[in-house]
Amino acid sequence: MVQDTSLDQLAPQQVTDRGQPLLAFMASDKLSSLAKRSALQQSDGWIVHGGEVRPWRFSGYLRRGETLLVTGPWVAGELLSAALQGPPDAALAAVARVAAAVARLADAGLVDQPLQLNGIMLLAAGGVLVLPPAVIRQLTETHSPGAMLAGSARVNHPDLSGEQRLSTMLAILSYRAITGEFPFPAPGEEELRNQMRRLDVVPARLLAPGCSEELSSCIGRALRPQRHESPPALADWPALLARAREDAEPVAASAAEHSQAEAAALRQRYAQAFRRRVFLQRNLRTMVVAAVFVAAVGAVLGSIVANQFKPRVTRGYTPRQVVEAFYGSIGALDHTTMEDAVIGDAGKPLINEVVNLFVISRVAQGYEGRSHIIDAAEWEAAGEPELPADRSLYGPSQLQIAAEQGEPQPVFRVSYLMWRGRGGRPRRGPRRLFRVSYLMWRLGGADGDDPPGTPQQGMPTSERVFLRQDKDDWVIFEIQPLDPPPSDR
């Protein structure tokens, strides 16, 4: 396995200042004031040795040539990131020491930040030094994104906190110690986060035959717990890792080969499942909207086809009732009744507009659970209340129908305010007509050219409507636009 060298330049070194040995870490000039002023000396780290916990803090910074160094009291040891690169037994022993130290710090209520691979030292004299997490994080961040990925993101679950995050970190470290690889190997942070959330992990016992079955099971429960399982508690890890070192046993070569083959097959299967999950995560919303849109369009087309083989909704209506049904169906987006009330191309543009809005309204209901389009007639009947900014009035209000000519060739003059607009306090008055389309309304929004907060306006409209009989039904065969009456202007 190729070793990640992103943290190599952040390894501590020994320097001497005024005859005193110091532990020094290379820093960037981009380091914030936290590491350059008194806050540096107030950021706590801890030396844990058995049950004893002692504070450890950085003391200041030095210049060595062009290099900025952050320094603190000297201790001999190696970073956890280096210890993990050793043989499996030694790496697992290092994780066991870290588990005991972290559990002790958590028990004392001292750890409340994510820890990093380059922020934990295994001391030569025994014990563990947890370097001040806030300072180590800044040292790593200002060094490179690769170092931050290797030092922190690789071992900290993005959705967890507190002891649950620390327990998962110990599971990741244990997996790395006994298998030689991290359970989530993504080369970038976004994919790494996705893997931690969705990638099934090949059991450690398959990649490291002979390792403790108990440890492999606990790692699996921590990284991908099933519904009936609970991940190991942080306090359980020290004893668990001690038993795991004792329970390890050699495995025959043939059994090891079989385990490796099973691991390879599982890895491929899990990778395919992970890609499907990520695809659904990124595209589910679009797929749902598309499905609802297709279903709505299908419903419209189905109703149109079905209407060809059943009696008109307006069967038996008088000429005035047909006109009332046509105009009363506009705001309700009842295109079926509108289509039954006309013949030929009469009212075709308006019917097409209503069909478009009907589809958009259905998509919005499927997508958000509600439509953004309000029937202007219902709004008028409710006392014309102020509407939310995301609601749009549509349809006629103040509808007036006057007979100009009776049967056998009925003619009516129809006057009304036509509403097409967004939420806010509506107002009456002339406004330009605009084309209604999916892009303009955007799930019920208003005309894209109007700035947010533009009041809705009812457009005075007047039309002459001509009817005739088709078989036994009265139908509208022509709608003639007229200039609005002077009183409506």
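All figures in this text were calculated on a predicted structure; none of them were measured in a lab.

Quick notes on the nonpolar core
Point 1. Residues Leu173, Leu215, Ile219 and Trp237 are the most contacted members of the largest nonpolar core, which totals 65 residues.
Point 2. Take this core: its biggest share by element is eleven residues, from helix α2 (residues 88-107).
Point 3. Apart from residues no more than four positions distant in its own chain, Leu173 is found in contact with Leu80, Leu84, Val95, Leu117 and Val155.

Describing unusual backbone geometry
Point 1. Residue Pro408 is reached from Glu407 by a cis peptide bond, and omega for that bond is 10°.
Point 2. Considering the arrangement of structural elements, one finds Pro408 in the loop between β11 (392-405) and β12 (411-420).
Point 3. Of note in the backbone geometry, Leu333 takes a positive phi value of approximately 60° without being a glycine.
Point 4. Along the polypeptide, Leu333 turns up in the loop between α11 (319-328) and α12 (335-340).

A few points about the pattern of salt bridges
Point 1. This structure, assessed with the given rule, holds 15 salt bridges.
Point 2. The shortest N-O distance in the salt bridge between Asp473 and Arg312 comes to 3.0 Å. Highlighted residues: Asp473 in strand β15 (residues 473-482) and Arg312 in the loop between α10 (253-307) and α11, separated in sequence by 161 residues.
Point 3. A relative accessible area of 3% places Asp473 in the buried class.
Point 4. Here Arg464 makes a salt bridge to Glu404, at a shortest N to O gap of 2.7 Å. Of this pair, Arg464 sits in strand β14 (residues 457-470) while Glu404 sits in strand β11, and the two are 60 residues apart along the sequence.
Point 5. Each of Arg312, Arg315, Asp470 and Asp473 takes part in one network of salt bridges that share partners.

Quick word on the confidence of the model for the protein chain
Point 1. Scored by pLDDT, the protein chain comes out at a mean of 82, with 79% of its residues at no less than 70.
Point 2. In the predicted structure, residues 428-449 sits below a pLDDT of 50 and forms 62 contacts with residues beyond four places in sequence or in another chain.

Focus on the pairing of strand β3 (residues 45-49)
Point 1. Here β3 lies mainly inside the structure; four of its five residues are buried.
Point 2. Relative to strand β4 (residues 52-56), β3 is paired through five bridges, and the arrangement is antiparallel. Looking across to β4, one finds that Trp46 is bridged to Pro55.
Point 3. Where β3 hands over to β4, the hairpin turn is made up of two residues, of which Gly50 adopts a positive phi near 65°.
Point 4. As paired strands, β3 and strand β9 (residues 128-130) are joined by three bridges and run antiparallel to one another. What sits directly across from Ile47, in β9, is Leu129.

Definitions and cut-offs
- Residue indices follow the written sequence of each chain, beginning from 1 at its first position.
- Thresholds applied to this predicted model are a pLDDT of at least 70 for local features of residues and 80 or more for the giving and counting of side-chain atom pairs; totals over whole chains, interfaces and linings are not thresholded and use all residues.
- Hydrogens and water are ignored here; the side-chain numbers use all heavy atoms of the structure.
- By nonpolar core we mean a set of buried residues, namely Ala, Val, Leu, Ile, Met, Phe, Trp, Tyr and Cys, connected to one another through side-chain atoms within 4.5 Å.
- A 1.4 Å probe rolled over the protein chains alone gives each residue an accessible area, and that area as a share of the maximum for its type sets the label: buried under 20%, exposed over 50%, partly exposed in between.
- Helix and strand definitions follow DSSP, with helices as H or I runs of at least four residues and strands as E runs of at least two, each counted in order from the N terminus.
- Residues are treated as being in contact if the distance between any of their heavy atoms lies within 4.5 Å.
- By convention in these notes, a salt bridge is any Lys or Arg side-chain nitrogen within 4 Å of a carboxyl oxygen on Asp or Glu.
- Each residue carries a pLDDT score, the predictor's confidence in it, ranging from 0 to 100.
- Strands were regarded as paired on the criterion that DSSP finds at least two bridges between them.

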